[in-house]
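Structural description and commentary
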Amino acid sequence: MSEREKMLSGELYDPSDPELKYLRVKARKLARKYNLTDEDETAHRETILTELLPNTAHLPSLQAPISFDYGCNTSFGEYCDVNFNFTCLDVCPVHIGDNAFIGPNVTLATPMHPLRPEQRNVRRLANGIVYNLEYGKPITIGNNCWLGANVVVCGGVTIGDGCVIGAGSVVTRDVPPNSLAAGNPCRVIRALTEADRMSL
């Protein structure tokens, strides 16, 4: 099994692997190029995002700056709107459903590190390269979700369809569909119902 296959399957892997290093550098270069564009450079931005997010059929609206570990491990649904300073550490798959609203300074963090220091600490290969073992857990955000400003979603979390996650929340466990949840750690406050509908 390659290091990339280990990474995507949630096993301990060596991030110094040449293939993974190439993919990370590529993604970070593309993100930097995107961050240097202006909002009215629509065609240029789409070209960059198409290469950065090859598994996304409907490109999201992304306010620069953005940061991705790989890009190719993230997919967006239709009509997604992402505010400034979006960070997506996608060592494992990240799936974001349709009509996602993502506030400023949101982080999606799939990487994990072993709890035991002897497994977590830096190692050295025979060729002198240093690295540390890590693994990942996927993140899934359902359709019609809104993540407020400064939300952090940790690896292994699924946020169900129709959820609202309050600003500043740290989401460490699954959130059931149609929930209003907030806090650190994030907890369900109540279900969202028809009583929450606003008049036009």
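As a reminder, the structure under discussion sits directly above these lines.
Residues numbered from 1 in each chain as written. Predicted model: local features only at pLDDT ≥ 70, side-chain atom pairs only at ≥ 80, totals over all residues. Heavy atoms only, no water.

1. So, the overall build of the protein
Within the protein, the secondary structure is distributed over four helices and 20 strands. Radius of gyration (C-alpha) of the protein: 18 Å, near the 16 Å computed for a compact globule of 200 residues. Oriented by its inertia axes, the alpha-carbon framework of the protein measures out at about 65 × 45 × 25 Å. Counting over 200 residues, the protein shows a buried share of 40%. Counting contacts in the protein only where the partners sit at least 6 residues apart, residues at least 24 apart contribute 29% of the total. With the model as given, the accessible surface of the protein reaches about 10,700 Å², and the carbon-plus-sulfur share is 53%. Between the centroid of the 19 positive side chains of the protein and the centroid of its 23 negative side chains there is a distance of 9 Å. (Helix = DSSP H or I, 4+ residues; strand = E, 2+ residues; numbered from the N terminus. Rg over C-alpha atoms; globule rule 2.2 N^0.38 Å. Buried < 20%, exposed > 50% of the residue type's maximum accessible area, 1.4 Å probe, protein only. Contact = heavy atoms within 4.5 Å. Areas by Shrake-Rupley, 256 points an atom, 1.4 Å probe, with all protein chains shown as cover. Lys, Arg positive; Asp, Glu negative; His and termini not counted. Charge placed at Lys NZ, Arg CZ, Asp CG, Glu CD.)

2. Re the sheet that holds strand E15 (residues 152–154)
Ordered in space as E2-E5-E8-E15-E18, the five strands form an open sheet in which the pairing is parallel. Where the open sheet ends on each side, the last strands, each with one partner, are strand E2 (66–68) and strand E18 (170–171). Bridge count between strand E5 (residues 86–89) and strand E8 (residues 107–109): three bridges; the pairing is parallel. Paired with Thr 87 across the strands is Thr 107, a residue of E8. (Pairing = 2+ DSSP bridges.)

3. Quick notes on the side chain of Asp 69
Along the chain, Asp 69 falls in the loop between E2 and strand E3 (74–76). Polar side-chain contacts of Asp 69 include one of 2.5 Å to the side chain of Arg 28. In contact with Asp 69, other than residues within four places in its own chain, are Leu 23, Arg 24, Ala 27, Arg 28, Cys 88, Leu 89, Asp 90, Val 91 and Pro 111. (Polar contact = N/O pair within 3.5 Å; in protein donor to acceptor, adjacent residues only side chain to side chain.)

4. Quick notes on a negative patch on the surface
Taken together, Asp 38, Glu 39, Asp 40 and Glu 41 make up a surface patch of like negative charges. By secondary structure assignment, the location of Glu 41 is in the loop between helix H2 (18–35) and helix H3 (42–52). Look at Glu 41 and you get partly exposed, because its relative accessible area is 31%. (Patch = residues over 30% accessible without salt bridge, like charges linked within 9 Å, V, L, I, M, F, W, Y side chains within 5 Å. Salt bridge = Lys/Arg side-chain N within 4 Å of Asp/Glu carboxyl O.)

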